[in-house]
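Summary of the model geometry
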Amino acid sequence: LPVARRWEAALYGLVLIAFTVWVFYSPRPYMYAVFPLTAVAAFRYGLAAATCATALVALAATVQTTLGHGPFTAYTPVHNLLLLQLFLGLLTLKG
């Protein structure tokens, strides 16, 4: 990638992380709003960027759920883990 595209991709990654953290701090269940952002990463930057975007969203979602934030913390720990795994599975299949 040219230098300008690398800076663009780095900025896109920061925006993706910030948006994911915001989604998981929001009191409303907007967790699937990150799917189009990972799709844009796939179409704009290719397979490697799609993999990185998926990994960043998965990391942020797991950390936020572990800390007790987001839509996957309303039930028992086992049920929350199942919901998080379903979300991560869908994210991985889509990305």
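Located above this text is the structure these notes cover.
Reference entry: report on the structure contained in this document. (Residues numbered from 1 in each chain as written. Predicted model: local features only at pLDDT ≥ 70, side-chain atom pairs only at ≥ 80, totals over all residues. Heavy atoms only, no water.)

**So, the overall build of the chain**
Along the chain, the regular secondary structure elements total four helices and zero strands. Reading the secondary structure of the chain in the N-to-C direction produces α-α-α-α. Compactness check: the chain gives a C-alpha radius of gyration of 14 Å against a globular reference of 12 Å for 95 residues, within 12% of the reference. Over its C-alpha atoms, taken along the principal directions, the chain stretches across nearly 45 × 25 × 15 Å. Residue burial in the chain is summarised as follows: out of 95 residues, 29% are buried. When contacts within the chain are restricted to residue pairs at least 6 apart in sequence, those whose partners lie at least 24 apart make up 62%. (Helix = DSSP H or I, 4+ residues; strand = E, 2+ residues; numbered from the N terminus. Rg over C-alpha atoms; globule rule 2.2 N^0.38 Å. Buried < 20%, exposed > 50% of the residue type's maximum accessible area, 1.4 Å probe, protein only. Contact = heavy atoms within 4.5 Å.)

**Re the packing of aromatic side chains**
Tallied over the entire structure, the rule returns nine aromatic pairs. Ring geometry for Y12 and Y45: centres 5.9 Å apart, planes at 55 degrees, overall tilted. Of this pair, Y12 sits in helix 1 (residues 3-25) while Y45 sits in helix 2 (residues 35-45), and the two are 33 residues apart along the sequence. Overall, Y45 belongs to the buried group, its relative accessible area being 14%. (Phe/Tyr/Trp six-rings, centres within 6.5 Å; stacked < 30°, edge-to-face > 60°.)

**Section: helix 1**
Each turn of an α-helix holds 3.6 residues, which means side chains three or four residues apart point in the same direction. Counted at 1.5 Å a residue, the expected span for helix 1 with its 23 residues is 33 Å, and the 33 Å between its end C-alpha atoms agrees. Along helix 1, the positions that sit buried rather than exposed are Y12, G13, L16, T20, V23 and F24. On the buried face of helix 1, the contacting elements are helix 2, helix 3 (47-66) and helix 4 (77-94). (Expected span 1.5 Å × (residues − 1).)

**So, the nonpolar core**
F24, M31, V34, V57, F72 and F87 are the most contacted members of the largest nonpolar core, which totals 17 residues. Of all the elements in the fold, those that place two or more residues in this core are helix 1, helix 2, helix 3 and helix 4. (Core = buried A, V, L, I, M, F, W, Y, C linked by side-chain atoms within 4.5 Å.)

**Some words on the environment of F35**
Here F35 lies in helix 2. Taking the C-alpha atoms as reference, F35 lies 9.0 Å from T54; in sequence the two are 19 residues apart. Non-local contacts of F35, meaning those with residues more than four positions away in its chain, are made with F87, L90, L91 and K94.

**Some points on the pattern of salt bridges**
Summed over the entire model, instances satisfying the criterion amount to one salt bridge. E8 is the partner of R44 in a salt bridge, and the nearest nitrogen-oxygen pair spans 2.7 Å. Of this pair, R44 sits in helix 2 while E8 sits in helix 1, and the two are 36 residues apart along the sequence. Judged by its relative accessible area of 41%, R44 is partly exposed. (Salt bridge = Lys/Arg side-chain N within 4 Å of Asp/Glu carboxyl O.)

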